[in-house]
Amino acid sequence: MSAALLEVRDLRVELKRGKQQLTALDGISFAIAPGEVLGVVGESGAGKSLTGAAIIDLLVPPLKRTGGEIVLSGRHLDALSREDMRKVRGRRIGFIAQDPMTSLNPVLTIGQQLVDTIVTHLPVSKEEARQRAVRWIARVGLSDPARRLDQYPHQLSGGMRQRVVIALALCAEPELVIADEPTTALDVSVQAHVLQVLRDLHEETGVAVMLITHDLGVIAKMADRVAVLYAGRVAEIGPTSEVLRTPRHPYTSGLMRATVAPGLDRKALDPIPGSMPNLSSIPPGCAFNPRCARATAECRSQRPPLVDYRDGAGKHACFHPLEDGR
Amino acid sequence: MSAVPSPATPARPSAVLRLFEAAKGAPGPTLAAIVGILLAAFAFIVPLFAPDPFNLASTSVMDAFTPPMWMADGSKVFPLGTDDQGRNMLTALAFGLRTSLIVGLASVAIGLLVGGALGLTAGFAGGWVDSLIMRVADVQLAYPALLLAMIIDGAARSALGQQRDVKTAIAIVIISIGVAFWVQYARTIRSSVLVERDQDYVAAARVTGRSALGIVVLHILPNVMAPVLVIATINLGVAIITEATLSFLGIGIPLTQPSLGTLIRNGNNFLQSGEWWIAVWPCALLIAFVVSVNVLGDHLRDVFNPRLRGRS
Amino acid sequence: MSAADMLVVDGVSKVFAGEAGFVGKLLGRSGVGTRAVDEVSLTIRRGEMFGLVGESGCGKSTLARMIAGLTPPTQGQIALTGVSGHKPRLQMIFQDPFSSLNGRWTVGRIVAEPIRVHGLREGKAVEARVHELLEHVGLSAADAYKYPQEFSGGQRQRISIARALAGEPDFLVLDEPTSALDVSVQAQILKLLDTLQSELHLTSLFITHNLSIVRLMTDRLAVMYLGRIVEEGPTEQLFRSPRHPYTRLLMDAAPDLDTEDRSLHPIPGDLPKPGTPMPGCRFANRCPRAADLCKAQEPAMTAGEGGERFRCHFPLD
């Protein structure tokens, strides 16, 4: 794990609401290897978007990082000043937000935004930047790239806009890109297209991707490894095929059986009872214990640590892990 | 439209406790509320016991221009001094504030009623009804509220001739100010209605077959009241100032009737000659009351701000 | 129209008149109408759950709102037949669990509204019925005295379902009822709807953008694209052998959970803006099978052997 590109250790994010101090992220740890796609999956309130925001220091008050280490290529991001962090953001870590409507500046052309980003982060001339911008537009699969440069975001469809956002995130040649629900706001027919573009660019540039999504289907297709989050904690992390085929944590398994995926039989749909706890009512012990059929007294009183399975291929945080995935 | 199924009150902390909790979180607005309540109590309780200083039988010109009690020549009988007619300033202030409050509250109520009804109708009906009402509102907005109140007041006077009594004069002021402010309520309610009208709960009621009137009264009205009540609170201050201005200019409440406006107008005559207290006390009272109402109104606006809603 | 037909939609269109506006009129522009729904006909039979699938802008929600009587059709007829003499009753369940419940009303009052409006119960019986309904959808009678704000998205959707059932509807419109919910909660609501459907023999229209959900829930299904129904038929058959290329591509586009085969199946091109004039088949510019004929002439609705209908010059086998 020393070769990791990004290492997050025991990340904590808290917020103050009234007199209460609430914990939104409670000791998140994971690593991303160079060129790897790590999927981060969970339901709303699991803390997956917060994890992304915490890494690039984009937490909105009252949310605040209160602990943990974030190391990018051996450099501690958690100790950086605001100014230095701004340089890392964009240059070394790109960001793709969920909503392509709001992540582009509506009063600047596509070209202006790309050229600005390129000259800000890379030592190239404006002319060179413009040529690169044209190439990026072409790389994300937009037709007639030279003309696109002079278009405004509102002249593009949602899917095209999201591809421009991808180009913006990658044009400064970062080592890591954080994609926060990049296809959630898009239609089914457009979603696959955007995922394809992301995959192609990942393969061409070797950029590592942290892909945040609620959609296990997207994880299955895109992620090399996957981290399953629940109530601000990592429930399970490991190779995607391993985790999805033989989940160790009952929550992962429950999530799989509750997912309405293509080809699912009506009888096989099996909801998890209850719902994710609010930040103010996270139960003691394992956060999942009230919804878990395997929970024992131990689960209700002690928090299960993240432990290795199969010699470190993956980790799970469960006292009573599943053996056969069911 | 029958009654709600008898709600068993859910377990909540007692009202007193909740009030205490709320007050701790917002000391400024709490202070404003206390000041406002104390002043209102002063205005409505004192006149029940004290003689009317504007009744000639209860005053003596011999007491005229008595300074406040802590000054030389002051008297304990008149803690805040007396005016040119020998009226006790303390009780005159209570009577004056009472008139101002009645005018303020009544005109806000009229504005709310007229503006509310027109705003609801415009927002829900849409089409030409909406256009008509809102164009009239636009035209009215071209005139400052004060000017409009002066016009209405003047028109009513010339219609009624000179034989109007004090009650009629007050009623005219109330209606003038009330009508001058309906536009704000109408616009606010209309824009809220336009938002609420398209919410799915309204669609659900329509699918169920609820009548348009039922939807407006039972569903939409309760959901658009919050911002309007905020405006009403702030407007209470504005209405009282408008009344004071009208009366100060001599076209509102007649000088024979105490209001903050007439008291200030009267006191203004003696500012140059050194009897400052006749003008300063009603001015101070006006400022204290209006500021406390505004602070309270701003706080309510923050509380009801839809952007902040649902974050608790 | 046979006795089993509950809802008949006949040649229904909806045109949203584009307002040119003051400045637009000054510049000499006239408003352009958008045909959100274009001559749609379909029949829903008693006791079935009928699915309507399509992407955003295809007109499915507009069609639902016309069926629910929330907006009148520009053209065509919608006829709903009741069961026993009374005027047919319709209820609707909405996508957004937050805006669909009046936050100033208690849950009990919300659920009781259709009962009172239709006069289905009197006096004390109303409250008893509300409690019964709340328990039926997996809530408790005590919840009647709370406000919607005290509930999660999934619970609010249960309240919506209880309100719809309270109206004892002949016909139920479900407009993306689980799209705003999390995976585990979505499964709970789908399970509940499935149970209610079989217990109460409801007739319903289930609208969604998610083909997997439609397959799970519905008996028959129609696929919409840019205001038109492009294919319609029994759900299972349609999934086994879709005839319209769009249906096929849509089915493949959603990623499944298979980690072995990681191929993605994007549909080429982008959704055109609604209102874009298209003389031929509306899908022609994105369709891998499109020929010159498709761009020139719109295919008519054709009936297949298995009860399916489709609009395609070159259907799949």
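Remember, predicted model here, so these are calculated numbers, not experimental data.

Participant: Explanation requested: the overall build of chain C in the structure shown.
Facilitator: From N to C terminus, chain C includes 10 helices and 11 strands. Against the compact-globule benchmark of 20 Å for 317 residues, chain C has a radius of gyration of 21 Å, which places it among compact chains. Structurally, chain C occupies a C-alpha span of about 70 × 60 × 40 Å along its principal axes. The proportion of buried residues among the 317 residues of chain C is 47%. Across chain C, contacts joining residues at least 24 apart in sequence account for 66% of those joining residues at least 6 apart.

Participant: Help me out: how do you make sense of the overall build of chain A in this one?
Facilitator: Assigned secondary structure in chain A consists of 11 helices and 12 strands. For chain A, the C-alpha radius of gyration of 20 Å lies close to 20 Å, the compact-globule estimate for 326 residues. Counting all 326 residues of chain A, 49% fall into the buried class. Residue pairs at least 24 apart in sequence account for 65% of intrachain contacts in chain A once pairs closer than 6 positions are excluded.

Participant: Would you take a moment to explain the arrangement of the chains for this structure?
Facilitator: Across the two pairs of chains that are in contact, the largest number of contacts falls between chains A and C. Taking C-alpha atoms only, the smallest gap left between chain A and chain B, which are not in contact, amounts to 8 Å.

Participant: Help me out: how do you make sense of the environment of L156 of chain A in this one?
Facilitator: Residues and elements named next belong to chain A. Within the fold, L156 resides in the loop between α5 (145–148) and α6 (158–170). Once the C-alpha coordinates of L156 and F319 are considered, the two residues, 163 residues apart in sequence, prove to be 50 Å apart. Those residues within four positions of L156 in sequence are excluded, and the remaining contacts are Q151, R161 and V164.

Participant: What is the right way to look at the confidence of the model for chain C in this model?
Facilitator: Close reading of the predicted structure is inappropriate where its pLDDT is low. On average, residues of chain C score 89 in pLDDT, and 92% of them reach the 70 mark or higher. Per the prediction output, this complex has pTM 0.83; the corresponding ipTM is 0.86.

Participant: Any chance you could explain helix α7 (residues 182–197) of chain B here in plain terms?
Facilitator: Each turn of an α-helix holds 3.6 residues, which means side chains three or four residues apart point in the same direction. Residues and elements named next belong to chain B. In a regular helix each residue adds 1.5 Å, so 16 residues correspond to 22 Å; α7 covers 21 Å between its end C-alpha atoms and thus fits that length. For α7, the full list of buried residues reads W182, V183, Q184, Y185, A186, R187, I189, R190, S192, V193 and E196. Where α7 is buried, its residues contact α3 (89–125), α4 (127–141), α6 (166–180), α8 (200–208) and α9 (212–248).

Participant: Got a minute to help me understand the sheet that holds strand β3 (residues 37–41) of chain A in this structure?
Facilitator: Adjacent strands of a sheet pair through backbone hydrogen bonds, lying either parallel or antiparallel. Residue and element names in this part refer to chain A. Reading across the sheet, the eight strands line up as β6-β7-β8-β3-β9-β10-β12-β11 and stay open at both edges, with mixed pairing between neighbours. The two strands at the open ends of the sheet, each matched to only one other strand, are β6 (93–96) and β11 (307–309). In this sheet, neighbouring strand axes are inclined to one another by 20 degrees on average, regardless of whether the strands run parallel or antiparallel. When strand β10 (residues 233–239) meets strand β12 (residues 314–316), the two strands line up antiparallel, connected through two bridges. Residue pairing for β12: I237 is matched across the bridge by K315.

Participant: I'm lost on the interface of chain C and chain A in this one. Help?
Facilitator: Accessible area lost upon the coming together of the parts serves often as the stated size of an interface. Counting from both sides, the interface comprises 35 residues of chain C and, opposite them, 38 residues of chain A. Here the side of chain C that touches chain A gets eight residues from one element, more than from any other, and that element is helix α6 (residues 183–200) of chain C. When its residues are assigned to classes, the side of chain C that touches chain A shows 17 nonpolar, 11 polar and seven charged.

Participant: I would appreciate a short explanation of the interface of chain B and chain C in the present structure.
Facilitator: Contact residues are listed per partner, giving 20 residues for chain B and 30 residues for chain C. Elements with a contribution of two residues or more to the side of chain B that touches chain C: α8 and α9 of chain B. The element best represented in the side of chain B that touches chain C is α8 of chain B, accounting for eight residues. For the side of chain B that touches chain C, the residue count by class is 11 nonpolar, six polar and three charged.

Participant: Looking at this structure, I do not really get the packing of helix α3 (residues 110–121) of chain A against helix α4 (residues 126–139) of chain A. What am I missing?
Facilitator: The relative placement of two packed helices is expressed as an angle between their axes plus a distance between the axes. Residues and elements named next belong to chain A. Where α3 contacts α4, the axes come no closer than 9 Å and their chain directions differ by 120 degrees. By the criterion of interaxial angle, the relationship of α3 to α4 is oblique. Judged by the sense of rotation from one axis to the other, the crossing of α3 with α4 is right-handed. Contact with α3, carried on its side by G111, L114, V115, I118 and V119, involves K126, A129, R130, R132, A133 and W136 of α4 and no other residues of that element. Class assignment of the residues belonging to the contact of α3 with α4 gives a composition of seven nonpolar, one polar and three charged.

Participant: Which parts of the structure should I look at to understand the sheet that holds strand β2 (residues 34–45) of chain C?
Facilitator: All names here are of chain C. Taking strand neighbours across the sheet as the criterion, the three strands line up as β2-β1-β4 in an open arrangement whose pairing is antiparallel. Looking at strand neighbours, the two that pair on one side only are β2 and β4 (75–80), the edges of this open sheet. Taking each pair of neighbouring strands and ignoring which way they run, the sheet shows an average axis angle of 15 degrees. One ladder, built from five bridges, connects strand β1 (residues 5–16) with β4; its direction is antiparallel. Within β4, the residue paired with S13 across the bridge is Q75. Along the sheet, helix α2 (residues 60–67) contacts β1, β2 and β4; its crossing angle with β1, the most-contacted strand, is approximately 120 degrees.

Participant: Mind showing me how you'd approach the nonpolar core here?
Facilitator: Generally speaking, a soluble globular protein has its nonpolar side chains buried in company with each other. Judged by nonpolar contacts, the single largest core of 259 residues is most densely connected at I166, A167, L176 and L211 of chain A together with V111 and L205 of chain C. In this structure, L176 of chain A is in contact with L5, L6, I32, I93, V207, A208 and M210 of chain A, ignoring residues within four places of it in sequence.

Participant: I would appreciate a short explanation of the confidence of the model for chain A in the present structure.
Facilitator: On average, residues of chain A score 89 in pLDDT, and 99% of them reach the 70 mark or higher. Between the elements of chain A, mean pLDDT differs from a low of 86, seen in helix α2 (residues 82–91) of chain A, to a high of 96, seen in β3 of chain A.

Participant: What should I look at first to understand the pairing of strand β3 (residues 49–53) of chain C in this one?
Facilitator: Consecutive side chains along a regular strand alternate between the two faces of the sheet. All names here are of chain C. With five of five residues buried, β3 lies mostly within the body of the structure. Going residue by residue along β3, you find M49, G51 and V53 tucked away on one face and F50 and L52 tucked away on the opposite face as well. Summarising the sheet, β3 and strand β7 (residues 204–208) pair through five bridges and their orientation is parallel. Across the sheet, F50 pairs through a bridge with L205, a residue of β7. Where β3 lies against strand β8 (residues 220–225), four bridges are found, and the strand directions are parallel. Counted as the bridge partner of L52 is A222 from β8.

Participant: What exactly am I supposed to notice about the environment of V218 of chain A here?
Facilitator: Inspection of the secondary structure assignment puts V218 of chain A in helix α8 (residues 216–222). Sequence-wise, V218 of chain A and L195 of chain A are 23 residues apart; in three dimensions their C-alpha atoms are separated by 8.2 Å.

Participant: Any chance you could explain the packing of α3 of chain B against α7 of chain B here in plain terms?
Facilitator: Residues and elements named next belong to chain B. Where α3 meets α7, the axes come as close as 7 Å, and the angle between the chain directions of the two elements is 35 degrees. The hand of the α3/α7 crossing is right-handed. Residues G111, L112, V114, G115, G116, L118, G119, L120, A122, G123 and F124 of α3 pack against W182, V183, Q184, Y185, A186, R187, T188, I189, R190, V193, L194 and R197 of α7.

Participant: Got a minute to help me understand α3 of chain B in this structure?
Facilitator: Residue and element names in this part refer to chain B. Taking 1.5 Å as the rise per residue, α3 with 37 residues should run 54 Å; its terminal C-alpha atoms sit 52 Å apart, in good agreement. With 28 of 37 residues buried, α3 lies mostly within the body of the structure. In the segment just after α3, G126 is the residue with positive phi, at about 65 degrees.

Participant: Just to check I follow, could you spell out unusual backbone geometry for this structure?
Facilitator: Glycine aside, residues mostly have negative phi angles, and peptide bonds mostly take the trans form. At the junction of P61 of chain A and P62 of chain A, the peptide bond is cis and its omega measures out at 10 degrees in the coordinates. Position of P62 of chain A relative to the elements: it lies in the loop between α1 (48–55) and β4 (64–72). Phi angles above zero are rare outside glycine, and E173 of chain A is one such case at about 55 degrees. If you trace the backbone, E173 of chain A turns up in the loop between α6 and β7 (176–180). In this structure E173 of chain A comes out as partly exposed when scored by C-beta crowding, with 14 C-beta atoms within 10 Å. Notably, H201 of chain C is not glycine yet its phi reads approximately 50 degrees, a positive angle. Within the secondary structure layout, H201 of chain C lies in the loop between α6 and β7.

What counts, and where the lines are drawn
- Residues numbered from 1 in each chain as written.
- Chains lettered and ligands numbered in written order.
- Predicted model: local features only at pLDDT ≥ 70, side-chain atom pairs only at ≥ 80, totals over all residues.
- Helix = DSSP H or I, 4+ residues; strand = E, 2+ residues; numbered from the N terminus.
- Rg over C-alpha atoms; globule rule 2.2 N^0.38 Å.
- Buried ≥ 20, exposed ≤ 12 C-beta atoms within 10 Å, placed from the backbone.
- Contact = placed C-beta atoms within 7 Å.
- pLDDT = per-residue confidence, 0-100.
- Expected span 1.5 Å × (residues − 1).
- Pairing = 2+ DSSP bridges.
- Axes fitted to C-alpha atoms, helices over the stretch in contact; angles between N-to-C directions.
- Nonpolar A, V, L, I, M, F, W, Y, C, P; charged D, E, K, R; others polar.
- Parallel < 35°, antiparallel > 145°, perpendicular 65-115°, else oblique.
- Left-handed = near helix turned anticlockwise from the far one by under 90°.
- Core = buried A, V, L, I, M, F, W, Y, C linked by C-beta atoms within 7 Å.

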